[in-house]
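Chain residues, written in single-letter form:
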Amino acid sequence: MQTFIILLAAIISFTIFFQWWRRYDRRMLRASAFPEKWREFLNNQVPLYARLPDELKRELEGHIQVFLSEKYFEGAGGLEITDEMRVTVAAQACVLLLGRNTNYYPQLSSIIIYPAAYIAEHITHEGLVEIRDNQVRLGEAWHRGSVVLSWSDVHSGANDIKDGHNVVLHEFAHLLDFEDGRADGVPPLDHRSSYVSWARVMAAEFERLQLKAASDKKSVLDHYGATNPAEFFAVAVEAFYEKPEQLKRKRPELYEELQAFFKVDPAEWARA
Ligand SMILES: [Zn+2]
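Along each chain, the written sequence defines residue order, and numbers are assigned to residues from 1. In keeping with the model being predicted, local features are shown solely for residues with a pLDDT of at least 70 and side-chain atom pairs are shown and tallied solely at 80 or more, while totals for entire chains, interfaces and linings include all residues. For the side-chain quantities, the full set of heavy atoms in the structure was used; hydrogens and water were omitted.

Undergrad: What's the story with the nonpolar core in this structure? I'm lost.
TA: The nonpolar core is taken to be a set of buried Ala, Val, Leu, Ile, Met, Phe, Trp, Tyr and Cys residues, with the residues joined through side-chain atoms within 4.5 Å. Burial here depends on accessible area, computed with a 1.4 Å probe over protein chains only, as a share of the maximum for the residue type. Under 20% is buried, over 50% is exposed, and the range in between is partly exposed. Core analysis: the biggest nonpolar cluster contains 74 residues, and Phe 67, Phe 172 and Phe 262 have the highest contact counts within it. Looking at which element gives the most residues to this core, the answer is helix H9 (residues 229–242), with nine residues. Start and end points for every domain follow an automatic or database-based domain assignment. Residues lining this core come from more than one domain, with at least three contributed by each of domain 1 (32–161) and domain 2 (180–272). With near-sequence residues (within four places) excluded, Phe 67 lies in contact with Phe 73, Ala 90, Ala 93, Cys 94, Tyr 105, Leu 108, Ile 111 and Phe 172. The secondary structure listing takes helices from DSSP runs of H or I that are at least 4 residues long and strands from runs of E that are at least 2 residues long, numbered from the N terminus. In this description, contact between two residues means that some pair of their heavy atoms is separated by no more than 4.5 Å.

Encoded structure:
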C-alpha cells in the first residue's frame, strides 16, 4: 500500500512538473523573435495573415512557433518538406486558435503532406459486408495522431481567401470537433448554456443546407457541408474565415455562434 502511495505521489508530481514546464516552454517560444524569413512566407503565401490586426499577427506568430516546435511534419509520395510548407500549414491551423485559450491540438502529433491530391482506401460497412473502394482526397483528419494534406491544395487554398475553400481550415476544424472524443460537429464549448443555442442554430442551419443541396440551390456554404453535422461544422469554419461578410449578412445566427466560439470577428478584418 505504501509503495502504491509513493508511486502515485511520484506520478502526480511528475505530471504537475511536466505541465508547468510545458507552459513555461510555450511562453518562451511565443516570446522569442519570429524569423524574418517565416514572416516573408506569411506575407507571400498566407493573405489571411495580412488581413489580421497587428496584435493578432503577433499572437499568430507566437502560436506558429509553439506549433512548429511541437508537431512533426512528414513528406509522403516523394515530397520533401520545406520551411515554407511548415509555416504555411502552421499559420492557417493556428488562425483557428487566435483569441482563445488553447492547448494546441493536443491529440495531434504529425502532419503528413503529399505533393497533390492522393488516393486513399475508403472502408464502409453495409450490414456485415465490408466495402472497400479508393477515393481521391485533398486532406483528412484522424481522430488521434495525424492530419494528412495535399500541398498543392494547401497552397491554392491559402492563396485564395475569398472562395470559402481552405483544406487546412477544414481539417483543423475537424480536430477541434474531435477534442471531446466525438465527430459530431460540436467542439467543446465554454459553458453548458452555450450547447443549447449551438444545437438549435446548427441543427436548423444544417437542415437548411441539406434542402439547398438537394435542390441544387446556391448557398454561402459549400454543399459538401450537407453530408453530416461534422462536415457542416468544417465547411462553416471555412466560410467564417474566408467569406465572413457574406456569412454574417446571410446567416447571421450561424456567424454569431461561430464568433462566440472562436472569439474573433473576421468580418471586421475583411472590412479593414
Ligand atoms: Zn471534412
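Undergrad: What should I look at first to understand the environment of Ala 120 in this one?
TA: Structurally, Ala 120 can be placed in strand E3 (residues 118–126). Given a relative accessible area of 11%, Ala 120 falls into the buried group. Aside from chain neighbours lying at most four places away, what touches Ala 120 is Asp 133, Asn 134, Gln 135, Arg 137 and Glu 140.

Undergrad: Even after reading the chapter, I still don't get the coordination of the zinc ion, so can you show me in this structure?
TA: As a benchmark, a tetrahedral metal site with four donors has ideal angles of 109.5 degrees, while an octahedral site with six donors has ideal angles of 90 or 180 degrees. Protein coordination at the zinc ion comes from His 170 (NE2), His 174 (NE2), Glu 231 (OE) and Glu 231 (OE), with a distance range of 2.1 to 2.7 Å. Metal-centred angles of 52 to 145° between the four donor atoms at the zinc ion mark the site as irregular. Each metal's donors are the N, O and S atoms within 2.8 Å of it, or within 3.2 Å when it is Na, K or Ca, and because water is not part of the set, sites may look incomplete. Ordering the donors of the zinc ion by residue number gives the pattern H-x3-H-x56-E. With His 170 and His 174 both in helix H7 (residues 167–178) and four residues apart, the pair spans about one turn of that helix. We note that His 170, like His 174, is buried. For four-coordinate sites, all angles between 85 and 135 degrees define a tetrahedron; for four- and six-coordinate sites, opposite donors beyond 155 degrees with the remaining angles between 65 and 115 define square planar and octahedral shapes respectively, and all other cases count as irregular.

Undergrad: How do you make sense of the pairing of strand E1 (residues 72–75) when you look at a structure like this?
TA: Successive side chains on a regular strand alternate, one facing one side of the sheet and the next facing the other. Between any two strands, pairing holds if DSSP finds at least two bridges. Pairing of E1 with strand E2 (residues 108–114) involves four bridges; the strand directions are parallel. Across the sheet, Tyr 72 pairs through a bridge with Ser 110, a residue of E2. Note on handedness: a clockwise path from strand one over the helix to strand two, with the strands aimed away from the viewer, defines a right-handed crossover. As for the winding sense of the linkage, the β-α-β connection from E1 through helix H5 (residues 83–95) to E2 is left-handed.

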